[in-house]
Amino acid sequence: MNQEIKQNELRVTVVSKEGKDEPLGVMSKQEALAKAQELGGLDLILINANSDPPVCKIVDYSKYRYQQEKKRKEKAKNSKATEIKEVKMSYKIGDHDYGVRLKAATKFIKQGNRVKATVMFRGREVQHDNLGVDLLNRLASDLEDIGNMEGRPRREGRNLGAILTPRAEVVKAINDAKRLKEREKKAAKAESMAKRTEAEEAKRSEALAAVEEERATIGGVLDGLDLEDDDDFDDDLDDASLDELLGSTKVADDLFA
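Thresholds, definitions, all that
Residue numbers restart at each chain and count upward from 1, following the sequence in its written direction. The predicted origin of the model limits local features to residues at a pLDDT of at least 70 and limits the giving and counting of side-chain atom pairs to 80 or more, whereas totals for whole chains, interfaces and linings rest on all residues. The basis for every side-chain value is the complete set of heavy atoms in the structure, and neither hydrogens nor water enter the calculation. Think of it this way: DSSP has to see at least two bridges between two strands before they count as a pair. Runs of E in the DSSP output that reach at least two residues are strands. Runs of H or I that reach at least four are helices, and both are numbered from the N terminus. Only the stretch in contact is used when fitting a helix axis, every axis being a line fitted to C-alpha atoms; angles between N-to-C directions are given from 0 to 180 degrees. An angle below 35 degrees is read as roughly parallel, one above 145 as roughly antiparallel, one from 65 to 115 as roughly perpendicular, and any other as oblique. Helix crossings fall into two classes, left-handed where the near helix is turned counterclockwise from the far one by less than a right angle and right-handed where it is turned clockwise. Any two residues whose heavy atoms approach within 4.5 Å are treated as being in contact. By the convention adopted, Pro, Cys, Tyr, Trp, Phe, Met, Ile, Leu, Val and Ala count as nonpolar, Lys, Arg, Asp and Glu as charged, and the other residues, Gly among them, as polar. Nonpolar cores are built from buried Ala, Val, Leu, Ile, Met, Phe, Trp, Tyr and Cys residues. Side-chain atoms within 4.5 Å join them into one set. Residue exposure (1.4 Å probe, protein chains only): buried if accessible area is under 20% of the type maximum, exposed if over 50%, otherwise partly exposed. Two N or O atoms count as a polar contact when they lie within 3.5 Å, although within protein this holds only if one can serve as hydrogen donor and the other as acceptor, and sequence-adjacent residues are included solely when both atoms are side-chain atoms. In this scheme Phe, Tyr and Trp rings, the latter by its six-membered ring, pair at centre separations within 6.5 Å, and the angle between planes marks the pair as stacked below 30 degrees, edge-to-face above 60, and tilted otherwise.

Q: Summarise the pairing of strand β2 (residues 21–28); cite the residues concerned and give the values.
A: Two elements, strand β1 (residues 9–15) and β2, share seven bridges in a ladder whose sense is antiparallel. Residue pairing for β2: Glu9 is matched across the bridge by Ser28. Counted along the chain from β1 to the antiparallel partner β2, the turn is five residues long, and its residue Gly19 has a positive phi close to 90 degrees.

Now the structure itself:
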């Protein structure tokens, strides 16, 4: 990145306002760095060192790193390895037991999992492997609306096996359902947050109203008091207290006359 890029001649692109890569042509590293500074103090990132000339992009590195991390997480989520479930059968399985295996395989595939169907043979039963192939083909036919068989049935020791995978539309439906669930979860969280904020605002408004009401009450009480009369009363009280302290003597009367 920036001065750490060793190549001197670079093919440079920049992200346009529409979010698309806009080519700026081939230029030297110093010209590319100057262009990055000219576009608002951006960074020069090496995208493909094996190209001739190497490809670089002018971006805001912090935003670029965030977008790359977001893409990586999304890709990892969508390409998460699915489990391989297994259903086992005998080549002479009865209709009821076959229905149970079919139901299990249907459930697994609708969950997005791959299914390994195995037909087991014992002893000389291996000579009836053609019946095992027919059974696996029957299972694949019954599941053709939601799954496909990968190749043909293959022998695995005494057994025959085949892999059934979900159809593309099944996988898409599963991913869409997951994304919808995530959106609903986010919406519910946002709604809960909004309600909490609304409740806090209501509580704050009630507290302010109570303070204003208390102020109004105190103001009304103060307005009903004659504070000037209280001052005269205090003056009279002070005079009376002084007379009581000094007493009424001829000396005191002559002193304060």
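Q: Could you give an account of the pairing of β1, naming the residues involved and the relevant values?
A: Bridge count between β1 and strand β4 (residues 55–59): four bridges; the pairing is parallel. Paired with Val12 across the two strands is Cys56, which belongs to β4.

Q: Kindly report on the packing of helix α3 (residues 95–110) against helix α4 (residues 129–142), identifying the contributing residues and their values.
A: Interhelical geometry of α3 versus α4 gives an angle of 55 degrees and a closest axis separation of 11 Å. With respect to α4, the element α3 is oriented oblique. Where α3 crosses over α4, the handedness of that crossing is right-handed. Facing Asp95, Tyr98 and Leu102 of α3, the residues of α4 in contact are Leu135, Arg138, Leu139 and Asp142. A breakdown of the residues in the contact of α3 with α4 according to their chemical character gives four nonpolar, no polar and three charged.

Q: Report on the sheet that holds strand β5 (residues 84–90), specifying residues and quantitative values.
A: The four strands are arranged β5-β6-β8-β7 in an open sheet whose pairing can be described as mixed. The sheet is open, and its two borders are formed by β5 and β7 (147–156), each paired with just one other strand. Neighbour-to-neighbour, the strand axes of this sheet turn through a mean angle of 20 degrees, independent of strand direction. Of the pairings in the sheet, the one linking strand β6 (residues 114–120) to strand β8 (residues 159–166) comprises five bridges and is antiparallel in character. Directly across from Val119, in β8, lies its bridge partner Leu160. Contacting β5, β6, β7 and β8, α4 runs over the sheet at an angle of about 10 degrees to β8.

Q: Got a sec to walk through the nonpolar core? Specific residues and values, please.
A: Among the nonpolar cores identified, the biggest contains 23 residues, and Met89, Val115, Val119, Leu136, Leu139, Leu143 and Leu164 are the most heavily contacted of them. Not counting the four nearest positions on each side in its chain, Leu136 is found in contact with Met89, Ala117, Val119, Met149, Pro153, Leu160, Gly161 and Ala162. Val14, Leu33, Leu44 and Cys56 belong to the second-largest nonpolar core, a separate cluster that totals 11 residues.

Q: Please set out the side chain of Thr118 residue by residue, giving values where relevant.
A: By the secondary structure assignment, Thr118 is in strand β6. Within the structure, the side chain of Thr118 is placed 2.8 Å from the side chain of Glu86, a separation counted as a polar contact. Setting aside residues up to four positions removed in sequence, Thr118 forms contacts with Glu86, Val87, Lys88, Met89, Asn159, Leu160 and Gly161.

Q: Please give an account of the packing of aromatic side chains that cites residues and values.
A: This structure, assessed with the given rule, holds one aromatic pair. Centre to centre, the rings of Tyr91 and Phe121 are 5.6 Å apart; their planes meet at 20 degrees, and the pair counts as stacked. One end of the pair, Tyr91, is in the loop between β5 and α3; the other, Phe121, is in the loop between β6 and α4, with 30 residues separating them in the sequence. Judged on exposure class, the residue Tyr91 and its partner Phe121 are both buried.

Q: Account for the environment of Thr13, naming residues and giving values.
A: With respect to the helices and strands, the residue Thr13 is situated in strand β1. Taking relative accessible area as the criterion, Thr13 reaches 14% and is therefore assigned buried. Residues within four places of Thr13 in sequence aside, it is in contact with Asp21, Glu22, Pro23, Leu24, Cys56, Lys57 and Ile58.

In short, the description is geometric, and any link to function would need to be established separately.
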